[in-house]
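Take a look at the letters that make up each chain.
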Amino acid sequence: MKYALDSGIQKKGDKVDAYEVQKTLEGYHAPITATVVKRLEEAGAELAQHAGYEANMVAVEKGMATFALNTDVGGEVMAAAENGLYGLRPSYGAISRYGMIASASSMDAIGVTAKTPEDIREALMLIAGPDGMDSTVFDDLATGAKSGSMRVRELELDEVRVKTAEVAHMVIRAAETASSYYRYDGIRFGHRAKDAKSLKDLYNKSRAEGLTEDSKKWILFGTYVLLGENIERCLIKAQKVRTMIIEALEKEMVTTEVLSGSDLGVIAALAGLPVVITPEGKQYIGKRKSDLALLQFVADMKEAK
Amino acid sequence: MIIAEEEIERLAELSSLSLTSTEKEQFRQELSEANQHVDYLNELDTDGVEPTYQVGDLENVWRPDEVVEFEAKRDDLLALAPETEDNQVKVPRVL
Amino acid sequence: MSDKYEMTIGIECHVQLATKTKLFSGIDNDARDKEPNACVSPGDYAIPGTLPVLNEAAVGLAIRGGLALKGKVNLKSRFDRKHYFYPDLPGGYQRTQFFHPIIGEGEVVLPNGNRVGIHHAHLEEDAGKLTHFGDYSLVDLNRAGTPLIEIVSHPDIHSAEDARLFAEELWRLMTYSGACLGDLYHGNMRFDVNVSVAEKGAKELGIRTEIKNINSFRSIERAAAYEFERHVALIENGEAVKRETRGWNDATGKTTGQRSKETADDYLQFPDSDVPPLNLTKEYVDEIAAKMPKLPQDYRAVFREAGVADKTIETLLDHQVLAERLGQVLEITDMKITIKVANLFVGTLLAEENSGLNYRAASAERLAELAKMNEDGELSSTATKQVLVALYNKNNGEKLTKALAKEMNLLQENNDAALGAIIDEVLADKAAASAIADIKNGEQKAIGFLIGLIMKKSQGKANPGRARELLLKKIG
C-alpha cells in the first residue's frame, strides 16, 4: 500500500516544502515523525510522495498512491472531488495531530483522500486512535459506528447561515493561527534575519522575511481579535456562534444520521464533525465519531448506483 | 468598522512583524473588511450562550509522572538552530 | 517620619512542583548538575507539531499545595495561553491558568499570629533561562516546561518582617505538604514582592512597585524595608513613585529600576484547546487530602500544648524531619521528655559543628531513651549531647541508645560505693589538702575544684550531683 503525505505532516529528516510555512522553515529538517506516519510505517505502507496536497491528490488519481493525507483546517479535503476522488475530513480528535504543523488548534484535522470510501476506511483504521502525544484524541471511533441503514436528509443552508459560519470560522482560525505561529521567530530553527540590530529587530525581521503574506494576514487579524478591547466582540462572539451552530446541527440530526448539502467543510470544522465528499461533489456530514458509519453509508450509496 | 493605520502598527508591533508602508495599507484594508464581517456576526443574538473553545467532551486527560524517551534529543534540536554556543541557542542580547 | 506611613505588601511566589517530569511532557524534570539543554523535549523546544500532555502528579501536588494554604480546590479549572516574545519562551506562549485557576481563596497564618490572605494559586509552566554576555545571550531550556504553581497573596502584609515571615511560612507549607522540594539555591521557590506606601489611615493605596525574583528570606525583608524607605523619601520630597519593576541587589542593599523584558502590551490570553479542561471529583480531592502530611500549624499546636518554647518550635519547624520525629517522641512519652528532646535538637543537633548529619537516622524510640537516661541521671548533660550526635553517625546504624552509651563509656557512675571509693582516693591525694581546708573554712569555690578531680578520676562517669553530696558528707 502506497500513500502520499502532505508537507505539513512531518517525517523525521524530511524538509517542509510546499507548505504555508516553508519559507520560514528553510533549512529545517523535521526532527520528529508524525504518529500517522509511524503507524503507516508499522503497517508496511510505503510513502510514495511527500508533497503539497494538490500534487498528492494527483498522485492518488493517477494510481501512484492508494490514499493521501492532508492538513485540514476548514475543509481543504473537499478539493478531492476536483480530482475525481473521495475525501474525508474526520471528526476532530479521531486522528492524532502529533507531527502535523499546527494552525488552528481546535479545528485542525488530517484529511484522507482516495479513490474509494473503502480505501479511506482502511487508512483511517490504521492511523486513528490515542497515541499519548495528543490530548484531544478520543478512543471510541468504532463505537460511533451504527450498524443498519442510516438516514440522510438535505441540510438547507441559506446565505445568512453560510456567511455566519464562515465568519465565525475565520475569526477563530485567525486567533488560533496567530497563536500557533508565535514560534516562527528565527530563534531556534528556521529563517533568521541577518544584520538584526537587536533582539526585537531579529524577531521583526525574521518573521517579516519568512512568513507569507497570507500568514501575516492571519496573524495580524488574529492578534486584533484577541486584544483585550476586542476579544468579547470578536473571538468570544465567534465561539458563541460556534456553540449555536453545534446545537443547531444536533437538532437537525435528531431524526437523521447524515446530512447532505454543500459548503459543509467550514461547519464540519467548527463542530468537529466528520464530513465526506464524493467525486460527484456531494457532501455528507455525520455525527461526531461516526466516521466509519459515514464511510459505510457513502460506500453503500456508491453500490446502490 | 474601519481599522486605522496606528492600529495596524500596534498589531505589527505586538506580533513582531516589520511591515512596509505598502503592506500596512494593504493589511489595513483587508483587516477593515474582515472587521466588517465581525460586525455582521455581532448582529446575532447570543444571549445566554456559552462560547465553545474546544469540541468533544474530553476532561482530565493526563499521563503518569514517568520519564519517557523522545525521538529527538538535544543535539538533534540544536542542529536546527541558526546559531549556537556551548550547547545553547545564541541570540542577540535584549537591551 | 516613617511612622506617618504604612507599607502594603503583596507577594507572588513561583513554586516548582516536585515531579519527576515536566508539566506537559514526559522529559526529566531534574536538571540540577546537568548540562544546558540536557532535559529538553521537542515540545519544550516548540518544534512544530508537538502538543501538550498533562502530568497527573503535577495536578496532585498543586492540590496538596493548595490544601496547605487552606485554599479552596476548584474542581473545574483549565489552561490558557499567555503570549509574549522572549527567547526563554520557545512557543511564544506560556500555558497557564488565567481565567480558572485550580486553587481559590486561602490563607497563611504567620507565627506571630498575623494573617495573610491568599487570592488564588494556579498551575503554569516555567520558562527557560537566559545567560547574558557582552552583546549576546545564550538560551538554556532545561527549566522550560517545569511545573509551577504561582501563589498570589492579598496585599495583607504591612511590615518587612511579616514579608519575611510569610515567605518562610510559605516555604514550610510547600515543603511539608510535599508539593515542593524547597531547594532555594536551585530556585525551587522565587518571590516577587509588590510594595506600596501610603499615609496611615489613607483610603487609597500608594503606587506599587514590584521587586522580582528574590530567592532568600533575608533578602525579602531587606528589599521590602529598603523599598519602603525609598518610597517614603520620594513622597516626602513631593516626587511621584514610578510604577515599575525593580531588581534587588543583595551586595549593594538597593533596588534598581529594571526594564521588564518578559512583558507584552497585551498577552492575548485565551483558552488552550490542546489541553482538555480539568473537572475533578470531590472524591479525587478528598483522597489527596486524606494523605496529607502534618503541616507546621499542626505541629505548633501540639508542641505548644506540650510546653515546648515558641522559639524552639519555630527553629525546629525549619526541619520537617525533626518536627516529625519530635511528634513521634511525644506520642510515645511525656511532655518532660519531649521538651528535653526538643532542646537537644535545637541546642546540639542543629549546632554548626554538627551540620551535615542525616536527621532521619535516630528513631523516636532511641531519642526518647536518651532523654530518659539523662532524666534518670544515667547520663550527664555533656554525655547526653555526645551520645545524641553519635546516634546520628551512620557508623552506629541502629544501635540502641543504652548500648551505644555503654560502648562510648559514658554511663554515669551512680553506684555510691564505687563513687565513695573514688572520692576517698581524691581526698587522700595531697593535691586535695588545701581545698579540704578551704571547704572546712566555708570556701564554697574549692568544692568545684574537688568535683573536677573526682570527675577526672572517674573519667567523667561520676554523677556530679551525687558526688557533691557524698564529698560534703565525707568532709563534714
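Scroll up a little and you will see the structure.
Residues numbered from 1 in each chain as written. Chains lettered and ligands numbered in written order. Predicted model: local features only at pLDDT ≥ 70, side-chain atom pairs only at ≥ 80, totals over all residues. Heavy atoms only, no water.

A.B. asks: Give a description of the overall build of chain C that names residues and reports values.
C.D. replies: A count of helices and strands for chain C gives 15 helices and 16 strands. Compactness check: chain C gives a C-alpha radius of gyration of 30 Å against a globular reference of 23 Å for 476 residues, more than 25% above the reference. Taken along the three principal axes of its C-alpha coordinates, chain C extends 95 × 55 × 50 Å. A total of 476 residues make up chain C; the buried ones form 55% of that total. If you take every contact in chain C between residues at least 6 apart in sequence, the share linking residues at least 24 apart comes to 70%. Element-wise, carbon and sulfur atoms account for 50% of the exposed surface of chain C, whose accessible area totals about 20,800 Å². (Helix = DSSP H or I, 4+ residues; strand = E, 2+ residues; numbered from the N terminus. Rg over C-alpha atoms; globule rule 2.2 N^0.38 Å. Buried < 20%, exposed > 50% of the residue type's maximum accessible area, 1.4 Å probe, protein only. Contact = heavy atoms within 4.5 Å. Areas by Shrake-Rupley, 256 points an atom, 1.4 Å probe, with all protein chains shown as cover.)

A.B. asks: Report on the sheet that holds strand β3 (residues 88-92) of chain B, specifying residues and quantitative values.
C.D. replies: Strand order in the open sheet made by the 4 strands is β2(B)-β3(B)-β9(C)-β8(C), with antiparallel pairing throughout. Both edges of this open sheet fall to β2 (84-85) of chain B together with β8 (129-133) of chain C, since each of them pairs with a single strand only. (Pairing = 2+ DSSP bridges.)

A.B. asks: So what's going on with the pairing of strand β9 (residues 283-286) of chain A? Which residues, and what values?
C.D. replies: Residues and elements named next belong to chain A. By the alternation rule, side chains of β9 split into Gln283 and Ile285 and Tyr284 and Gly286, which are all buried. By the bridge criterion, 3 bridges tie strand β8 (residues 275-277) to β9 in an arrangement that is antiparallel. When the sheet's bridge partners are listed, Val275 is paired in β9 with Ile285. A loop of 5 residues connects β8 with β9, the two strands running antiparallel in sequence, and Gly281 in this loop sits at a positive phi of about 90 degrees.

A.B. asks: Give a description of the interface of chain C and chain B that names residues and reports values.
C.D. replies: On the side of chain B, 34 residues touch chain C, which itself brings 55 residues to the contact. Taken together, the connections running from chain C to chain B amount to 3 salt bridges. Put simply, Asp265 of chain C and Arg10 of chain B hold a salt bridge, and the shortest N to O gap is 3.1 Å. Elements that contribute at least two residues to the side of chain C that touches chain B include exactly β2 (54-55), α1 (56-68), β8, β9 (136-140) and β16 (278-279) of chain C. The element best represented in the side of chain C that touches chain B is β9 of chain C, accounting for 5 residues. (Salt bridge = Lys/Arg side-chain N within 4 Å of Asp/Glu carboxyl O.)

A.B. asks: Tell me about the packing of aromatic side chains, and name the residues and values.
C.D. replies: Enumeration according to the criterion identifies 17 aromatic pairs over all chains in this entry. Measuring from ring centre to ring centre gives 5.3 Å for Tyr181 of chain A and Tyr184 of chain A, while their planes differ by 85 degrees; the resulting arrangement is edge-to-face. Ring centres of Phe133 of chain C and Tyr136 of chain C lie 5.3 Å apart, and the angle between their planes is 20 degrees; on these two criteria the pair is classed as stacked. Accessibility expressed as a relative area gives 34% for Phe133 of chain C, which makes it partly exposed. Looking at Tyr136 of chain C, the relative accessible area reads 18%, which means it is buried. Arg207 of chain A extends its terminal NZ or CZ atom over the ring of Tyr182 of chain A, reaching a point 6.0 Å from the ring centre. Residue placement shows Arg78 of chain C over the ring face of Tyr53 of chain B; its charged tip is 4.8 Å from the ring centre. (Phe/Tyr/Trp six-rings, centres within 6.5 Å; stacked < 30°, edge-to-face > 60°. Lys NZ or Arg CZ within 6 Å of the ring centre and 35° of its normal.)

A.B. asks: Explain the interface of chain A and chain B to me, and be specific about the residues and the numbers.
C.D. replies: Often, the extent of an interface is quoted as the loss of accessible area on bringing the components together. Contacts between the two partners involve 66 residues from chain A and, on the opposite side, 53 residues from chain B. For the pair chain A and chain B, the two sides together bury roughly 5,100 Å², of which 65% comes from carbon and sulfur. Seen at the junction of chain A and chain B, the total is 7 salt bridges. Across the salt bridge formed by Lys216 of chain A and Glu23 of chain B, the nearest N and O atoms sit 3.4 Å from each other. Taken together, the links from chain A to chain B amount to 23 residue pairs in polar contact (both at pLDDT 80 or more). Residue assignment for the side of chain A that touches chain B shows that the elements contributing at least two residues are α4 (159-180), α5 (199-210), α6 (213-226), α7 (232-252) and α8 (265-271) of chain A. It is α7 of chain A that provides the largest number of residues to the side of chain A that touches chain B, a total of 12 residues. When the residues that make up the side of chain A that touches chain B are grouped by side-chain class, the tally is 34 nonpolar, 14 polar and 18 charged. (Buried area = accessible area lost by both parts, 1.4 Å probe. Polar contact = N/O pair within 3.5 Å; in protein donor to acceptor, adjacent residues only side chain to side chain. Nonpolar A, V, L, I, M, F, W, Y, C, P; charged D, E, K, R; others polar.)

A.B. asks: Provide a residue-level description of the side chain of Ser260 of chain A, including the pertinent values.
C.D. replies: Looking at the element boundaries, Ser260 of chain A is found in strand β7 (residues 258-261). Those residues in contact with Ser260 of chain A, other than ones at most four positions away along the chain, are Val152, Arg153, Glu154, Leu155, Gln283 and Tyr284 of chain A.

A.B. asks: Could you give me a rundown of the sheet that holds strand β5 (residues 109-114) of chain A, with the residues and numbers involved?
C.D. replies: Residue and element names in this part refer to chain A. The 9 strands are arranged β2-β1-β3-β5-β4-β8-β9-β7-β6 in an open sheet whose pairing can be described as mixed. Whereas interior strands pair on both sides, the edge strands pair on one side only; in this sheet they are β2 (46-51) and β6 (152-154). Direction aside, the axes of adjacent strands within the sheet are offset by 25 degrees on average. Note that β7 and β9 share 4 bridges and pair antiparallel. Of the residues in β9, the one forming a bridge with Ser260 is Tyr284. Packing of helix α9 (residues 291-304) onto the sheet brings it into contact with β4 (86-89), β6, β7, β8 and β9, and relative to β9 it is tilted by some 145 degrees. (Axes fitted to C-alpha atoms, helices over the stretch in contact; angles between N-to-C directions.)

A.B. asks: Lay out the environment of Ala31 of chain C in plain terms, naming residues and giving numbers.
C.D. replies: Residues and elements named next belong to chain C. Relative to the elements of secondary structure, Ala31 occurs in the loop between β1 (5-16) and β2. Linking Ala31 and Lys461, residues 430 residues apart in sequence, is a C-alpha distance of 52 Å. When residues no more than four places from it in sequence are discounted, the contact partners of Ala31 are Cys39 and Asn142.

A.B. asks: Mind laying out helix α12 (residues 416-428) of chain C, listing which residues take part and the relevant values?
C.D. replies: All names here are of chain C. Helix length check: α12 (13 residues) gives 18 Å between terminal C-alpha atoms against 18 Å at 1.5 Å per residue, within 8%. Of the residues making up α12, those classed as buried are Leu419, Gly420, Ile422, Ile423, Val426 and Leu427. In a view along the axis of α12, the buried residues occupy a sector of 160 degrees, so they form one face of it. Along α12, exposed side chains directed more than 90 degrees from the buried face belong to Ala417 and Ala428. (Expected span 1.5 Å × (residues − 1). Arc of directions from axis to C-beta.)

A.B. asks: Describe the pattern of salt bridges, with residues and values.
C.D. replies: Opposite charge on two side chains permits pairing when their charged atoms draw close. With the rule as written, the count across this model stands at 69 salt bridges over all chains. Of the charged contacts in the structure, one is a salt bridge between Lys302 of chain A and Glu118 of chain A, with a shortest N-O distance of 3.3 Å. Of this pair, Lys302 of chain A sits in helix α9 while Glu118 of chain A sits in helix α3 (residues 117-127), and the two are 184 residues apart along the sequence. Arg74 of chain B serves as the salt-bridge partner of Glu35 of chain C, at 3.0 Å between the closest nitrogen and oxygen.

A.B. asks: Which residues make up unusual backbone geometry, and what are the values?
C.D. replies: Positive phi outside glycine occurs at Lys289 of chain A, with the angle close to 70 degrees. Within the fold, Lys289 of chain A resides in the loop between β9 and α9. The backbone of Asn213 of chain C sits at a positive phi, close to 60 degrees, despite the residue not being glycine. Within the secondary structure layout, Asn213 of chain C lies in strand β12 (residues 208-214).

A.B. asks: Give me the lowdown on the side chain of Gln54 of chain B, citing residues and values where you can.
C.D. replies: Looking at the secondary structure, you find Gln54 of chain B in the loop between α2 (21-41) and β1 (62-63). By relative accessible area, which is 14% here, Gln54 of chain B ends up buried. Of the polar contacts made by the side chain of Gln54 of chain B, one reaches the backbone oxygen of Ser273 of chain C; its length is 3.1 Å. Beyond its immediate chain neighbours, meaning those up to four positions away, Gln54 of chain B contacts Asp272, Ser273, Val275, Pro276 and Pro277 of chain C.

A.B. asks: Report on the packing of α3 of chain A against α9 of chain A, specifying residues and quantitative values.
C.D. replies: Residue and element names in this part refer to chain A. One can describe the packing of α3 onto α9 by two numbers: an axis separation of 9 Å at closest approach and a directional angle of 165 degrees. Relative to α9, the element α3 is oriented roughly antiparallel. Considering the relative orientation of α3 and α9, their crossing is left-handed. On α9, the residues touching Pro117, Glu118, Ile120, Arg121, Leu124 and Met125 of α3 are Asp291, Leu292, Leu295, Gln296, Val298, Ala299 and Lys302. In terms of residue class, the contact of α3 with α9 is built from 8 nonpolar, 1 polar and 4 charged. (Parallel < 35°, antiparallel > 145°, perpendicular 65-115°, else oblique. Left-handed = near helix turned anticlockwise from the far one by under 90°.)

A.B. asks: Any details on the nonpolar core? Residues and values, ideally.
C.D. replies: One finds Val171, Phe221 and Ile285 of chain A together with Tyr45 of chain C to be the most contacted residues of the largest nonpolar core, which totals 105 residues. Setting aside residues no more than four positions away along its own chain, Tyr45 of chain C makes contact with Arg188 and Phe189 of chain A, Leu77, Leu78, Ala81 and Val89 of chain B together with Val40, Pro90 and Leu141 of chain C. The next biggest cluster of nonpolar side chains, apart from the first, holds 98 residues, and it includes Ile63, Ala179, Ile337 and Leu349 of chain C. (Core = buried A, V, L, I, M, F, W, Y, C linked by side-chain atoms within 4.5 Å.)

A.B. asks: How would you sum up the environment of Ile157 of chain C? Please name residues and give values.
C.D. replies: All names here are of chain C. Considering the arrangement of structural elements, one finds Ile157 in the loop between β10 (147-153) and α2 (160-176). Spatially, the C-alpha atoms of Ile157 and Leu23 are 31 Å apart, while their sequence positions differ by 134 residues. Dropping the residues within four chain positions of it, Ile157 is found in contact with Met7, Thr8, Ile9, Ile11, Val116, Asp162, Ala163 and Phe166.

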